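Here is how the chains run, residue by residue.
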Amino acid sequence: MSSAIEVLASNSIRAVMGELIPQFERTNNCRIEISYDPAKVMLARIEKGETADLVITGSGAIDELVKQGRVLADSRRILARCRVGVAVRAGAPKPDIGSVDALKRALLDAESVAYTQEGASGMHFSGVIERMGIAEQVKAKAVRQPGGLIGELVAAGKAEIAIQQIPELLAVPGIELVGPLPEEIQLVTVSCAGIFSGTKRAEAAQSFIDFLAAPATLRAMRARGFQPPAG
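Only a predicted model underlies this, so the values are computations on that prediction, with no experimental measurement involved. (Residues numbered from 1 in each chain as written. Predicted model: local features only at pLDDT ≥ 70, side-chain atom pairs only at ≥ 80, totals over all residues. Heavy atoms only, no water.)

Student: What am I meant to see in the packing of aromatic side chains here?
Tutor: What describes a pair of aromatic rings is the distance from one ring centre to the other and the angle between the planes of the rings. Applying the stated criterion across every chain yields a total of 4 aromatic pairs. Residues Tyr115 and Phe125 carry aromatic rings whose centres are separated by 4.8 Å and whose planes lie at 65 degrees to one another, so their mutual orientation is edge-to-face. Separated by 10 residues along the polypeptide, Tyr115 in strand β5 (residues 113–116) and Phe125 in helix α5 (residues 120–132) bring together distant segments of the chain. Overall, the relative accessible area of 1% leaves Phe125 in the buried class. Each member of the aromatic cluster is reached from another via a ring pair, and the members are Phe24, Phe208 and Phe211. (Phe/Tyr/Trp six-rings, centres within 6.5 Å; stacked < 30°, edge-to-face > 60°. Helix = DSSP H or I, 4+ residues; strand = E, 2+ residues; numbered from the N terminus. Buried < 20%, exposed > 50% of the residue type's maximum accessible area, 1.4 Å probe, protein only.)

The following block contains the structure:
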């Protein structure tokens, strides 16, 4: 095999990569070495000088990296979109979250609520509970970690409700998706890819972007909770 394509990626895309990367490697005779982190942490790594061949993160962050000259402008490609959802342990009653008021009641009634500290969904949810006026009540029973699959805390019985991007919730065995946050307080994350300006493997990196944007790949992403780039 040829040398690997090095990828930095935010956690929002992690749920589907375990399925997609082996497919790409089999058909392209090229390994993928991928490092995941919450978007905030990953961008801090890049700010400190870390680089790779390819980066996959939110569209706003890609645009900023383009402005900084770290990512090639013509390589920017939207891959998918995803929303934030709510999950409970498999078999547990599913609360009504069909409106902002219903979600507020569900959060107040829950014994514990899990969300990330540095992931996009967790930071967004922190703002949501502030606007709802229930931040102190929720924080008092919050179960938090910097990033990763927050649904694992619910599966393990360490929290009653998990809040995270839907693909990340669907990736956790032992929990069930209740549904997305109400649209009025929803966060739609646009996953976008870009090639680092200093890479010597731009052609190989582009081949991986093309693979991720192919119709068959997008169908696999949809099955994992992602939505089409224009959806």
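Student: Which parts of the structure should I look at to understand the packing of helix α1 (residues 14–28) against helix α9 (residues 202–212)?
Tutor: Working note: a packed helix pair is described by the angle between its axes plus the distance between those axes. Taken N-terminus to C-terminus, the directions of α1 and α9 make an angle of 125 degrees; their axes are 11 Å apart at the nearest point. With respect to α9, the element α1 is oriented oblique. As α1 runs across α9, the sense of the crossing is right-handed. Touching Met17, Leu20, Ile21, Gln23 and Phe24 of α1 are Ser207, Phe208, Phe211 and Leu212, all from α9. Considering only residue class, the contact of α1 with α9 consists of 7 nonpolar, 2 polar and no charged. (Axes fitted to C-alpha atoms, helices over the stretch in contact; angles between N-to-C directions. Parallel < 35°, antiparallel > 145°, perpendicular 65-115°, else oblique. Left-handed = near helix turned anticlockwise from the far one by under 90°. Contact = heavy atoms within 4.5 Å. Nonpolar A, V, L, I, M, F, W, Y, C, P; charged D, E, K, R; others polar.)

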